[in-house]
Amino acid sequence: MKTLLERLTQIAQESPERIAVVDKDHSISYGELVGEIQAFGAALSNRCPKGATVTLVIENSIRYVVALYGCWYAGVVAVPTDPHSREREIEQVVVHSKPALIVSSARKSNALAVAERHGIPFVDFELAGGEKSACAESEARYLDDALIIYTSGTSGNPKGVVLTHANLLANIESIVEYLELTSEDSVLDVLPFHYSYGNSVLNTHLFVGAKVVIGSSMMYPQQVTDELRRHKVTGFSGVPTTMSLLVDRTDFASDPPPLRYITQAGGGMSKDLTIRLRESLAETTKLFVMYGQTEATARLTWLPPERLDEKLGSAGIPIPGVTLRIEGKDGRTVGTGQVGEVLALGDNIMSRYWGNPEATESTVVDGWLHTGDLGYLDMDGYLFIQGRASEMVKTGAYRVSPNEIEELVAGLDFIDEVAVCGVDDELLGQVVAAFLVGDESPAHAREVLSLCRRSLSLHKVPRYIEWRKRLPKTASGKLKKHVLAASREIRA
Amino acid sequence: MQDTIEPRTTLRTLILEDYLFTDDDTALIDDMSFLDEGILDSMGILEIIMFLEERFQVTVAEDEMVPQNLDSINNLLAYIERKKKAA
């Protein structure tokens, strides 16, 4: 079996002039891209042994693609990290994944500070490259670890999803099949590459020799609509927030771009928004509603566009190569229409959590991924998600671990107890809310927010803070977070 | 009611207090990009737009939601100025 890099190299040999990635005013062909990957990969392999981990702190860019695939050329494991991370967040990933190198830009002072504090060599991407090739061909092998994506950065229970080259290829081949992607396609990507959905969009399109256009931030949505038109792309991908901004905050609907496909994942999209989005699309555009998670590389199910109306609200059917079953509380498979935990089996299921065998054992049992999502299968085998068994907050394109925020806030001396959960939000799906027990005062609430702002990425900072005399608990002392989420009163 | 506080001070106070949660005036430089520095996100920028509309009576059209108008204190001030002149 070939790795993704070998596939890229093959495309570069067959069509070296074909454009691979467009980033603002710059574009790079497949031939040039592979050349840069090999140069950077060679530089890496001179500095760290095969199988080592390498932290990448790079924004969506051609440089990111070169660094990611360069890691694979050198046979090292890439650990992509949010370039907007605070120092503390990068440090947690670094302490846990023990990288041989940190690759970033010296302008990313947070990454540089962590490298210096821990004595880890720092490679300034802007100065690297151009070294003589040390290895004639890619060092990566099909079953090797390719990528670690952290979904939770708590010091007590870090969850770095380890994906092998085989995992990546299995998911890519399935997605390419149902989206019918070809080298004639081009996609505008606004999703962060360091997360599974953005990583998937990038890799699936490069796999078929298509063009990836790096889009602007959804913070300025009209720019994105303008880019869809200007670049004449055939595809676009987003989370529900992306779609809401596109439809409600731009002139997308008045002159819909002639896309071939638009894909949505990253949390359930309301029926209302699904209908409004579908109605705003050009007649020739197919809307693919999808579902998955990082532990499954990215994708588990897809809803065939022609059945969208009939199965509105469904996450669809398993992608090729994936089997689903719904498990009841007694561990047995439940019948049609009965709600239980969604379990998945396939070659795309992660290898393990990095350095966390306990979490791996409880999440992947006999090959079956326990998704933590609740749902049922209808009589046609279509999956309907009914909620989450786990407490992760899904906000915009991000998944946030409440524990990480609780751990931070609990360290303040005026806090006796803290509980963090997601509360519904029209734009972002959910936002983070913090419920506090302790020495209540506006100044202390502000101190909590200030600490979070300094220590956490923006999407993790609580949008709501509320003081409570006590937190609701079960008889055994377990927090009843759903009660908290439903009882929110005050805005921060 | 006409705002008696200078717009620059009003906007700086808003960002410092409601988004950076600090009273350290040096934490915000007036040409700092809200996007690049991770100061605002999609929701934050919508809140800023609502603030502009309420406080400065500026209506922000969809095609005006671009970094050149909104992505720093200086850009916001210049944008408000242009809108006031055009009104």
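Residues numbered from 1 in each chain as written. Chains lettered and ligands numbered in written order. Predicted model: local features only at pLDDT ≥ 70, side-chain atom pairs only at ≥ 80, totals over all residues. Heavy atoms only, no water.

Participant: Requested: an account of the overall build of chain A, with residues and values cited.
Facilitator: For chain A, the count of helices and strands is 14 helices and 26 strands. Taking 492 residues into account, the globule formula puts the C-alpha radius of gyration at 23 Å, and chain A, at 22 Å, falls close to it. With the C-alpha coordinates aligned to their principal axes, the bounding extent of chain A is approximately 65 × 55 × 45 Å. Put simply, chain A has 492 residues, and 60% of those count as buried. Partitioning the contacts of chain A with sequence separation of at least 6, the portion at a separation of at least 24 is 68%. For chain A, the accessible surface area stands at approximately 19500 Å², while carbon and sulfur atoms represent 49% of it. For chain A, the distance from the average site of its 50 positive side-chain charges to the average site of its 63 negative ones is 3 Å. (Helix = DSSP H or I, 4+ residues; strand = E, 2+ residues; numbered from the N terminus. Rg over C-alpha atoms; globule rule 2.2 N^0.38 Å. Buried < 20%, exposed > 50% of the residue type's maximum accessible area, 1.4 Å probe, protein only. Contact = heavy atoms within 4.5 Å. Areas by Shrake-Rupley, 256 points an atom, 1.4 Å probe, with all protein chains shown as cover. Lys, Arg positive; Asp, Glu negative; His and termini not counted. Charge placed at Lys NZ, Arg CZ, Asp CG, Glu CD.)

Participant: Lay out the overall build of chain B with the relevant residues and their values.
Facilitator: Regarding its fold elements, chain B presents four helices and zero strands. Listing the helices and strands of chain B from first to last along the sequence gives α-α-α-α. For a compact globule of 87 residues, the expected C-alpha radius of gyration is about 12 Å, and chain B comes in at 12 Å, within 12% of that figure. Its C-alpha atoms give chain B principal-axis dimensions of roughly 35 × 30 × 20 Å. Split into buried and exposed, the 87 residues of chain B put 49% on the buried side.

Participant: I'd like to hear about the sheet that holds strand β14 (residues 301-303) of chain A, residue by residue, with values.
Facilitator: The strands that make up a sheet are held in pairs by hydrogen bonds between backbone atoms, and each pair lies either parallel or antiparallel. Residues and elements named next belong to chain A. With mixed pairing, the nine strands of this open sheet are ordered in space as β2-β1-β10-β9-β11-β12-β13-β14-β15. In the strand order of this sheet, the two ends are held by β2 (26-29) and β15 (317-318), each with one partner. For strand β11 (residues 235-238) and strand β12 (residues 261-264), the ladder comprises four bridges, and the chain directions are parallel. Among the inter-strand pairings, G238 is bridged to a residue of β12, identified as Q264. Across the sheet, helix α2 (residues 30-47) lies against β1 (19-23) and β2, angled at about 85° from β2, the strand it touches most. (Pairing = 2+ DSSP bridges. Axes fitted to C-alpha atoms, helices over the stretch in contact; angles between N-to-C directions.)

Participant: Describe the pattern of salt bridges, naming the residues involved and giving the relevant values.
Facilitator: Residues and elements named next belong to chain A. Taken as a whole and judged by the stated rule, the model has 29 salt bridges over all chains. For R88, the salt bridge is made with E404, and the minimal N-O distance between the two is 4.0 Å. Of this pair, R88 sits in helix α4 (residues 87-97) while E404 is found in helix α12 (residues 402-409), placing the two residues 316 residues apart along the sequence. The residue R278 makes a salt bridge to D309 at a minimum N-O spacing of 2.7 Å. Taken together, the residues R278 in helix α10 (residues 271-280) and D309 in the loop between β14 and β15 connect sequence positions 31 residues apart. For D309, a relative accessible area of 52% puts it in the exposed group. (Salt bridge = Lys/Arg side-chain N within 4 Å of Asp/Glu carboxyl O.)

Participant: Hey, could you go over the pairing of strand β26 (residues 464-467) of chain A for me, with residue numbers and the actual values?
Facilitator: Across a regular strand the side chains alternate sides, sitting on one face of the sheet and then on the other. By the alternation rule, side chains of β26(A) split into Y464(A) and E466(A) and I465(A) and W467(A), which are all buried. You can see the chain leave strand β25 (residues 429-438) of chain A, run along helix α13 (residues 442-455) of chain A and come back into β26(A), and the turn it takes is right-handed. (Right-handed = clockwise from strand over helix to strand, strands pointing away.)

Participant: Please set out the packing of helix α9 (residues 240-249) of chain A against α10(A) residue by residue, giving values where relevant.
Facilitator: Residue and element names in this part refer to chain A. Closest axis-to-axis distance for the α9/α10 pair is 10 Å, and the angle between their directions is 50°. Classified by the angle their axes make, α9 and α10 are oblique. When you trace α9 past α10, the crossing you get is left-handed. Every residue of α10 that contacts α9 at P240, M243, S244, V247 and D248 is listed here: L273, R276, L277 and S280. (Parallel < 35°, antiparallel > 145°, perpendicular 65-115°, else oblique. Left-handed = near helix turned anticlockwise from the far one by under 90°.)

Participant: A description of the sheet that holds strand β24 (residues 415-425) of chain A should follow, citing residues and the corresponding values.
Facilitator: Residue and element names in this part refer to chain A. Taken in spatial order, the three strands of this open sheet run β24-β25-β26, and their pairing is mixed. The sheet is open, and its two edges are formed by β24 and β26, each paired on a single side. The mean inter-strand angle of the sheet, taken between neighbouring strand axes irrespective of direction, is 25°. The strands that α12 touches are β24 and β25; relative to β24, the one it contacts most, it runs at about 150°.

Participant: Could you give me a rundown of unusual backbone geometry, with the residues and numbers involved?
Facilitator: Here K24(A), not a glycine, exhibits a phi torsion of approximately 55°, which is positive. With respect to the helices, strands and loops of the structure, K24(A) is situated in the loop between β1 and β2.

Participant: I'd love a proper account of helix α2 (residues 42-55) of chain B, names of residues and values included.
Facilitator: If you check α2(B), its first and last C-alpha atoms are 20 Å apart, about what 14 residues at 1.5 Å a residue would give, namely 20 Å. Regarding α2(B), the residues found buried are S42(B), M43(B), G44(B), I45(B), L46(B), I48(B), I49(B), F51(B) and L52(B). Taken together, the buried residues of α2(B) touch α9, β24 and β25 of chain A together with α1 (7-19), α3 (67-70) and α4 (73-86) of chain B. In the stretch just after α2(B), Q57(B) is the one whose phi turns positive, near 50°. (Expected span 1.5 Å × (residues − 1).)

Participant: Before we move on, can you summarise the nonpolar core with the specific residues and values?
Facilitator: Residue and element names in this part refer to chain A. In terms of nonpolar packing, the biggest core is built from 85 residues, with Y69, W72 and L206 touching the most fellow members. Sorting elements by how many residues they give to this core places helix α3 (residues 62-74) first, with 11 residues. Those residues in contact with Y69 that lie beyond four places of it in its chain are L4, L5, L8, I37, N203 and L206. If you look at the next biggest cluster of nonpolar residues, it comprises 68 residues, including L188, L308, A419 and F435. (Core = buried A, V, L, I, M, F, W, Y, C linked by side-chain atoms within 4.5 Å.)

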